[in-house]
Amino acid sequence: MFSIVAVLLWSLLAAGPAFSQFLSPPTNLTTASRHPAIYQVRYKDVPPGICEQRDDIRSISGYVDVSPEEHMFFWFFEARNADPTTAPLTTWINGGPGTSSMVGLFQEIGPCAIDANGNVVNNPYSWTNASNLLFIDQPVQTGFSYSTTIPGYINPEDGSVVLAQDDICPSDEVTKGTCGTYSNPNDLIGLPVSTFTAASAFYATLQGFIGAFPQYAREGFHFATESYGGHYGPVFAEYIEAQNARQIPNTTKISLESVTIVNGWINPLIQVSPGNTYDYMPYNDSAASSLYSTVYGSGGCVDQLQNCKATGTNSVCAAADNFCLNYVENFYDEVTGRDEDDIRELEPDPYPPESYVRYLNDATVQAAIGAYVNYTEQSVAVANAFNTTGDDGRLDGTTTEVLTLVEQGVAVTMVYGDADYNSNWLGGEAVYNSIPVPGSSTPGYVDISTSDLVVHGQAKQSGAFAFARIYESGHEVPYYQPLTALAIFERTIYRYDIATGEDLVNRGFVTVGPAESTFREGNTTVKFALEESGGETIVDATTYENVVDGESAPSRQLLAELEAVAKGKHAMANATAYGNVLEVLKETGEEKDPIHVKKRGGKMRRGGLMRDDVTGGENDGFSRRGLHDLGT
């Protein structure tokens with residue numbers, strides 16, 4: 001199936017401020033292998049302890065050279081509790097668009113995590129307990145994937161990559177440690193602008209990996225994704241099915257068996273509506289009324305998304321996406337000062353911890369995994385590219401292809417943490433309910449059973465199509481509820497019901513229970529005060545307005561803008577009226593530029609920088625909840 005070709009040398013970046021200092025090529029030269037006449041694969045066997053602790057489990061990382069401009073990074077781990085040559089193969093990708101899948105590896109489902117002191121600790125709830133696991137940084141320029149490279153540093157304002165003039169890095173960026181080699185954000189060749197155009201490189205990366213390591217793809221293939229993966233998952237999965245049907249010479253058939261989507265952004269028209277079940281209202285009456293009008297009023301977010309759906313025009317969809325981002329999603333951030341990935345937390349929210357970002361920019365670690373560029377958690381270049389088509393606000397097959405996958409016999413499981421504001425579970429449930437599977441009965445909710453005998457959520461399932469609501473969990477469900485997430489994953493890939501794991505699922509299977517999940521957590525876990533720099537940030541529990549000096553003024557400004565929009569003071573007859581709104585705000589000096597990086601990825605912080613300093617001395621990375629027992 002594949003041949004061994006010329007040995008290549010790795011240019012391995014020595015992370016640090018000097019661009020000219022590179023590590024010497026390793027004495028054990030890295031082998032390059034080739035999928036038949038298609039994709040070159042460069043890889044290294046990763047030493048034990050870099051992530052996976054066991055020395056009897058193989059870990060491989062490297063690049064699939066999809067094209068001269070697309071070098072896609074992957075990191076693979078053998079299954080822990082099964083023969084890896086017969087175990088299933090699962091690929092995980094994070095969302096964004098432009099969020100690195102190292103988020104999933106180190107914060108959620110990989111064999112390891114990094115504590116606050118930079119130590120590698122074991123993850124007993126890794127999904128490698130059940131499957132071989134392949135992480136892919138995609139699209140190109142995401143994470144360790146790269147096109148062409150430049151010497152640069154990270155812009156602290158928005159997390160973008162800045163070219164270092166004459167290879168000289170600003171002194172403050174030297175101190176911060178962001179100077180290094182990065183993928184060139186101005187090289188747009190090969191950079192996709194939509195979910196659909198990103199599918200081919202993802203498929204090619206799979207083909208390259210499977211061609212180089214066919215021993216890990218003998219059983220069924222499974223696909224798991226998160227957040228913007230609500231777009232990626234259905235579209236990429238159906239693309240795989242379509243390529244299988246074409247029977248292209250020199251390619252391997254990828255037998256897709258399941259798709260797992262965690263807090264997926266699938267249908268913006270349904271999911272734009274906020275809500276939670278924590279007996280918590282983040283706005284006072286005035287703010288809530290203005291927000292409602294901006295979402296549902298004439299010319300508002302929903303109207304503009306409908307116009308996008310009707311026209312399919314890039315300019316219309318981009319305008320709709322930007323409007324909803326600035327005046328719906330960002331409104332929550334600016335007015336409440338809370339984390340939209342976990343409504344219980346104020347910003348800066350230290351969970352999940354970002355310690356792994358510094359770890360991946362360590363020269364020794366990069367040498368061990370064959371990294372060619374410095375690590376970035378989020379690619380602003382990718383986010384901006386997708387923004388040109390308004391991909392975030394489009395449907396473009398996301399729901400229809402979920403239905404197609406189920407009809408083709410692929411198991412589809414939708415999992416939602418119910419503390420997430422961004423892709424909240426109520427919207428996820430509405431999406432699930434909107435996809436009726438022909439010939440299937442309407443399912444009811446049943447409690448999810450796990451080995452700790454604690455009910456962590458409820459699920460409903462019809463045939464191989466399932467929905468799960470997970471209690472006390474933010475956006476990254478496997479971090480907050482790792483035991484439950486692993487159980488649901490295992491049950492999905494082995495075709496057992498996801499609530500109990502006791503019944504093999506066939507087309508006639510249906511859960512019997514109430515039509516609605518009515519459990520409410522209350523607000524005892526919702527924070528209203530945060531210790532910060534010796535002072536206390538207070539959020540009034542009655543009005544939920546931030547009253548700290550320096551915070552209230554921006555909140556009031558955005559609220560005034562929103563109220564002006566909601567009251568129709570600016571012409572908003574259709575989606576193009578967003579430009580009119582910006583013009584009026586520009587005249588008054590109140591224009592707000594779109595914050596394109598605030599999309600649906602992992603824990604994307606403003607500016608894209610890690611915030612280890614906010615966790616404090618007591619935080620070992622897992623002390624509050626979730627993966628609390630790692631390293632014990």
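Residues numbered from 1 in each chain as written. Predicted model: local features only at pLDDT ≥ 70, side-chain atom pairs only at ≥ 80, totals over all residues. Heavy atoms only, no water.

Participant: So what exactly am I meant to see when it comes to the pattern of salt bridges here?
Facilitator: Any two side chains of opposite charge can pair, given that their charged atoms come close. If you walk through the whole model with that rule in mind, you get eleven salt bridges. With its nearest N and O atoms 2.5 Å apart, the salt bridge here joins aspartate 45 to arginine 58. Taken together, the residues aspartate 45 in strand 3 (residues 40-45) and arginine 58 in the loop between strand 3 and strand 4 (59-67) connect sequence positions 13 residues apart. Overall, the relative accessible area of 41% leaves aspartate 45 in the partly exposed class. Arginine 54 is the partner of aspartate 56 in a salt bridge, and the nearest nitrogen-oxygen pair spans 2.9 Å. (Salt bridge = Lys/Arg side-chain N within 4 Å of Asp/Glu carboxyl O. Helix = DSSP H or I, 4+ residues; strand = E, 2+ residues; numbered from the N terminus. Buried < 20%, exposed > 50% of the residue type's maximum accessible area, 1.4 Å probe, protein only.)

Participant: What is the right way to read the sheet that holds strand 10 (residues 149-154) from this model?
Facilitator: By way of backbone hydrogen bonds, the strands of a sheet pair with one another, either parallel or antiparallel. The strand order 11-10-12 describes an open sheet built from three strands, whose pairing is antiparallel. Both outer strands of the open sheet, strand 11 (161-163) and strand 12 (180-183), are each paired with one neighbouring strand and no more. Strand-to-strand twist across the sheet, computed as the mean angle between neighbouring axes with direction ignored, equals 65°. Where strand 10 and strand 12 come together, four bridges link them in antiparallel fashion. (Pairing = 2+ DSSP bridges. Axes fitted to C-alpha atoms, helices over the stretch in contact; angles between N-to-C directions.)

Participant: Would you take a moment to explain the state of the cysteines for this structure?
Facilitator: Two cysteines whose sulfur atoms are joined by a covalent bond form what is called a disulfide. As enumerated under the stated definition, the model contains four disulfides in all. Across the disulfide, cysteine 51 is cross-linked to cysteine 112 (sulfur-sulfur distance 2.1 Å). The sign of the S-S torsion, about -105°, decides the handedness of the disulfide formed by cysteine 51 and cysteine 112: left-handed. Of the two residues, cysteine 51 is situated in the loop between strand 3 and strand 4 and cysteine 112 in strand 7 (residues 112-114); the sequence distance between them amounts to 61 residues. (Disulfide = S-S within 2.5 Å.)

Participant: Would you mind showing me how to read the pairing of strand 9 (residues 132-136) here?
Facilitator: Regular strands show a simple pattern: their side chains alternate between the two faces of the sheet. Counting buried residues in strand 9 gives five out of five residues, a clear majority hidden from the surface. Across the two faces of strand 9 the burial is the same, with Asn132, Leu134 and Ile136 and Leu133 and Phe135 all buried. Examined bridge by bridge, strand 5 (residues 70-77) and strand 9 share four bridges and lie antiparallel to one another. Along strand 9, the bridge assignment pairs tryptophan 75 with phenylalanine 135. In terms of strand pairing, strand 6 (residues 89-93) meets strand 9 through four bridges, oriented parallel. Paired with tryptophan 92 across the strands is phenylalanine 135, a residue of strand 9.

Participant: Explain the side chain of aspartate 65 to me, please; I cannot follow it from the model alone.
Facilitator: The residue aspartate 65 is located in strand 4 in this model. Aspartate 65 sits in the buried class, given a relative accessible area of 11%. Polar contacts involving the side chain of aspartate 65 include one to the side chain of arginine 42, which spans 2.9 Å. (Polar contact = N/O pair within 3.5 Å; in protein donor to acceptor, adjacent residues only side chain to side chain.)

Participant: Is there a simple way to explain the packing of aromatic side chains in this structure?
Facilitator: Any aromatic ring pair is given by two values, namely how distant the centres are and how the planes are angled relative to each other. Per the counting criterion, the structure on display carries 35 aromatic pairs. Aromatic pair phenylalanine 76 and phenylalanine 209: ring centres 5.2 Å apart, planes at 40°, arrangement tilted. Here the residue phenylalanine 76 occupies a position in strand 5, and phenylalanine 209 occupies one in helix 3 (residues 195-212), the gap between them amounting to 133 residues. Since its relative accessible area comes to 0%, phenylalanine 76 is described here as buried. Judged by centre distance (5.4 Å) and plane angle (70°), the ring pair of tyrosine 228 and tyrosine 232 falls under edge-to-face. No difference in accessibility class separates tyrosine 228 from tyrosine 232, as the two residues are buried. The rings of Tyr63, Phe73, Trp75, Phe77, Phe106, Phe135, Phe144, Tyr146, Tyr356, Tyr359, Tyr372 and Tyr375 are connected pair by pair, giving a single aromatic cluster. (Phe/Tyr/Trp six-rings, centres within 6.5 Å; stacked < 30°, edge-to-face > 60°.)

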